Amino acid sequence: MDAAREGDRGNTIGGDAQLYGPTVQAGSVRGGIHLHAAAADGAPPPTPRQLLPVPSHFTGRRDDLTALATLLGGDEDRPLIVVSGPAGIGKTTLVSRWLRDLQPDFPDGQLYADLRGHSVGDPARPAEILGHFLRALGARSVPTDPAELASLWRSRSAGLRIAVVLDNALTAAQVKPLLTSGPDTLVVVTSRRRLTGLRLDGARFHALGVLGPAAGVELLTRGIGSERVVEEPASAQQVVALCAGLPLALCLASARLASRPRQPLRTLARALTQEAGRLAALDAAGEGETTVRKALDASYAVLSTESALLYRRLGVLPVRTFDVWTAAAVCAESLEWAERRLDELIEANLVEDIGPDTCRFHDLVRIHARDRAVADDTGAAREEALRRVCDWYLRTATEAQRRLTPAQFTLRSAYSPTSQPGTGPESEPLPLPYADDVGALGWLDAHRMNLMAAVRTSAERGWYATAWQLVDALWPLFLRLRHYDLWIEAHEIGRDAARRADDKDGERQMLNSGAIGLSAAGRTDDAAEWYTASLRAAREAGDVRDEGQALLGLGSCHREAGRPDEAASYLHRAIEVWEGCGYPRGAALARIVLGEIALADSDHADALAHFGRAREGLLAVNDPHDAARALAFLGRARAAAGAFAAGRAELEEALAVFTSSGAAHWQARTLEMLGDSALEHGEDSGTGADGGTGDHHSRALALYDTTSPADAHRLRLSLRSRGTG
């Protein structure tokens, strides 16, 4: 309804508002309104509550909790707090307990990241952590440039009341890019080092010491019951002393005693004194960690044979977290077997259940598990276990790819059925960990870091076919969720692996899909290099279909670079090649780009012809997503040619398709085109039943902010230049 008819009643959505799911904003409505269920992507992101769970036996840290409260104080600005102490001292648990009590003070969320400063492998990169945080706050894709990423993080967190835990930091330099700028944000860092370099950033420090004798006995009591402690008070105090007041060591000792209810405490005290278990990676470490090695060896010694096997197998994996499927795969056993063994490891405090359906090792325990594998298993056994997990990831990701992108041209995966768990004569293969499309994409996203670890490991081990095929199987993850940093890294590894395997088909697959990622990330020149290499390889192999894909990619790169004549030449050649080999879908995709070139040149007749033929071709091959893309451009061209009402109807039809499928990026593109068309037609933000151009542009910006920050920046500049931003 025209705003003038509404009097003083406003009907706009503006500011920082973001809309999720079906939304109706109107003055008066004539006729029916039909709401269609939105895809999962339409739901608002949940408030992140990522703090690790606090064990029920937490005790003895009253003075430390008071000290942290004092550091927080009543300042208007939240401070940066660093909690330091040796391994196993309980830094993470203390901080988690403290911040859980403060949850009401942080209504916008509590974020957690393990910086892996003292873990096996490289410390976490700031870009990895920032991407994790931004996605937790609702961003669907993030930039790849570290400086741009840090800037976006500061902007997104500036107005929020959140707490951020940066666990297991190695250096001050690792922490600095992760700091926020908002006055209502509390950042807490834990580290084995003091990180005094953060003093320049206003940090306040708390050094965490060991538990006192009384607190240590209380922790032991909670684990094994008061009766045994009362019966042997001297032995209980000796166990506490031999564990050096370290909560980790005391928890492990308690678990061992709890599993042997008839064993006297003095027996464990004697074992901790005499057993010479080794944790080689910590031989030169600080005071107290020798007793942790002994406690870990003692806990390992009483495991069942099956649980000890799983403990060692998990220790050789390159992943940070694992679930029951990973546990079953690494031992070639059933899910039921793995659940029982994991339960035993959790009960023994050797594995942390950080949920949901996710477990991890403490850093010290991971080192111990790896060292036990080296000591107790052959190199061939360790290699076989690692290969089984990589093959299982390949099989599971490949099935997700077949489900999510069936039209995508895929190559056969080379995982061996005999390497899969449960393939013996009396057993069944592991069931897939998802049952539908939403679950498949969710599994790929939740396990993306483990999948990347499998890609890297396969390449390092010389399993080159597995490496590039894993990358190929991750296509729906990259295409739909736009993790540009992982997209590019994975395809660089996959391209090199395919070349080492001398697999020409695989190399062209990696070049083409990797180039798409480079182009989407704004690295047009790099994308053109990859497409050129793909074109050369396709012609050498006589692969006409791949040749057309490379030509289409090069045409798109030239268009993005502002060279329309060169772009058109490549695109016409792509159409000729694809029509010659009977691939109409490819020809239709090339016509969309030709239509974009004509539309940018205000050649509306040519644009309408290209978009119309493209839509017809894509509908004929049952490609609804790309057919809707062609329809959106068709509507934009029609509106620009003067048929505004008809063009708007086509744009709104395309928008309904993208909204139903959850294609947020193309929702934004279509909304932007609707806004531009309305603006050219003379409508402003108060015109039309749907709110007009201002509403369209504000909705597009809200979506771009989470899917493509570069497009959000571009649109804001465009609106300012037109005096409407």
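These numbers come from a predicted model, not from an experiment. (Residues numbered from 1 in each chain as written. Predicted model: local features only at pLDDT ≥ 70, side-chain atom pairs only at ≥ 80, totals over all residues. Heavy atoms only, no water.)

Engineer: Describe in detail a negative patch on the surface, supporting the description with residues and values.
Structural biologist: A grouping of Glu336, Glu339, Asp343, Glu347, Asp353 and Asp357 is seen on the molecular surface, where their side chains present a negatively charged patch. When residues in the negative patch are grouped by element, the largest group, 4 residues, is from helix H14 (residues 335-347). Within the secondary structure, glutamate 339 sits in helix H14. (Patch = residues over 30% accessible without salt bridge, like charges linked within 9 Å, V, L, I, M, F, W, Y side chains within 5 Å. Areas by Shrake-Rupley, 256 points an atom, 1.4 Å probe, with all protein chains shown as cover. Salt bridge = Lys/Arg side-chain N within 4 Å of Asp/Glu carboxyl O. Lys, Arg positive; Asp, Glu negative; His and termini not counted. Charge placed at Lys NZ, Arg CZ, Asp CG, Glu CD. Helix = DSSP H or I, 4+ residues; strand = E, 2+ residues; numbered from the N terminus.)

Engineer: Provide a residue-level description of the packing of aromatic side chains, including the pertinent values.
Structural biologist: Within this structure, the stated rule accounts for 15 aromatic pairs. Pairing tryptophan 392 with tyrosine 393 gives two aromatic rings, centres 5.3 Å apart and planes at 55 degrees, and the pair type is tilted. You can call tryptophan 392 buried: its relative accessible area is 1%. The interplanar angle of 85 degrees and the centroid separation of 6.0 Å between the aromatic rings of tryptophan 392 and tryptophan 443 together place this pair among those described as edge-to-face. Linking tryptophan 392 in helix H16 (residues 379-404) with tryptophan 443 in helix H17 (residues 437-446), this pair joins segments that are 51 residues apart in sequence. With a relative accessible area of 5%, tryptophan 443 lands in the buried category. Feature note: the residues Tyr300, Tyr311, Phe322 and Phe361 constitute an aromatic cluster, connected by ring pairs. Over the ring of tryptophan 337 we find arginine 341; its NZ or CZ atom is 5.5 Å from the centre of that ring. (Phe/Tyr/Trp six-rings, centres within 6.5 Å; stacked < 30°, edge-to-face > 60°. Buried < 20%, exposed > 50% of the residue type's maximum accessible area, 1.4 Å probe, protein only. Lys NZ or Arg CZ within 6 Å of the ring centre and 35° of its normal.)

Engineer: I'd like a description of the pattern of salt bridges, backed by residues and values.
Structural biologist: The full count for this structure, using the stated rule, is 45 salt bridges. With a shortest N-O distance of 2.9 Å, arginine 372 and aspartate 376 are connected by a salt bridge. In this pair, arginine 372 and aspartate 376 both sit in helix H15 (residues 363-376), 4 residues apart, roughly one turn of the helix. Among the residues examined, aspartate 376 registers a relative accessible area of 37% and is labelled partly exposed. Of the charged contacts, one joins aspartate 626 and arginine 629 as a salt bridge, the two residues approaching to 2.7 Å between their closest N and O atoms. Of the two residues, aspartate 626 and arginine 629 are both situated in helix H28 (residues 624-640); the distance of 3 residues between them amounts to about one turn of the helix.

Engineer: Now, about the sheet that holds strand S3 (residues 163-169): what can you tell me, with residues and values included?
Structural biologist: Spatial strand order, S2-S3-S4-S1-S5: 5 strands in an open sheet with parallel pairing. Both outer strands of the open sheet, strand S2 (110-114) and strand S5 (203-207), are each paired with one neighbouring strand and no more. The average undirected angle you get between the axes of adjacent strands in this sheet is 15 degrees. The sheet contacts of helix H1 (residues 62-72) involve strand S1 (80-84), strand S4 (186-191) and S5, and relative to S5 the element is tilted by about 170 degrees. (Pairing = 2+ DSSP bridges. Axes fitted to C-alpha atoms, helices over the stretch in contact; angles between N-to-C directions. Contact = heavy atoms within 4.5 Å.)

Engineer: Give a detailed account of unusual backbone geometry, specifying residues and quantitative values.
Structural biologist: Along the chain, glycine 355 connects to proline 356 via a cis peptide bond; the corresponding omega equals -10 degrees. Here proline 356 is to be found in the loop between strand S6 (352-353) and strand S7 (359-360). Residue asparagine 168 is not a glycine yet carries a positive backbone phi of 65 degrees. Considering the arrangement of structural elements, one finds asparagine 168 in strand S3.

Engineer: Mind laying out the nonpolar core, listing which residues take part and the relevant values?
Structural biologist: Judged by nonpolar contacts, the single largest core of 117 residues is most densely connected at Trp98 and Leu99. Per-element tally for this core: the top contributor is H16, with 10 residues. (Core = buried A, V, L, I, M, F, W, Y, C linked by side-chain atoms within 4.5 Å.)

Engineer: Go over the packing of helix H18 (residues 448-461) against helix H19 (residues 464-473) with me, naming the residues and quoting the values.
Structural biologist: Between two packed helices, both the angle of their axes relative to each other and the distance between the axes serve to describe the pair. As a packed pair, H18 and H19 sit with axes 7 Å apart at the nearest point and diverge in direction by 150 degrees. Classed by the angle they form, the pair H18 and H19 counts as roughly antiparallel. Crossing geometry of H18 relative to H19 is assigned as left-handed. From H18, Leu451, Ala454, Val455, Ser458 and Ala459 reach across to H19, where they touch Tyr464, Thr466, Ala467, Leu470 and Val471. Each residue belonging to the contact of H18 with H19 can be placed in one class, and the counts come to 8 nonpolar, 2 polar and no charged. (Parallel < 35°, antiparallel > 145°, perpendicular 65-115°, else oblique. Left-handed = near helix turned anticlockwise from the far one by under 90°. Nonpolar A, V, L, I, M, F, W, Y, C, P; charged D, E, K, R; others polar.)

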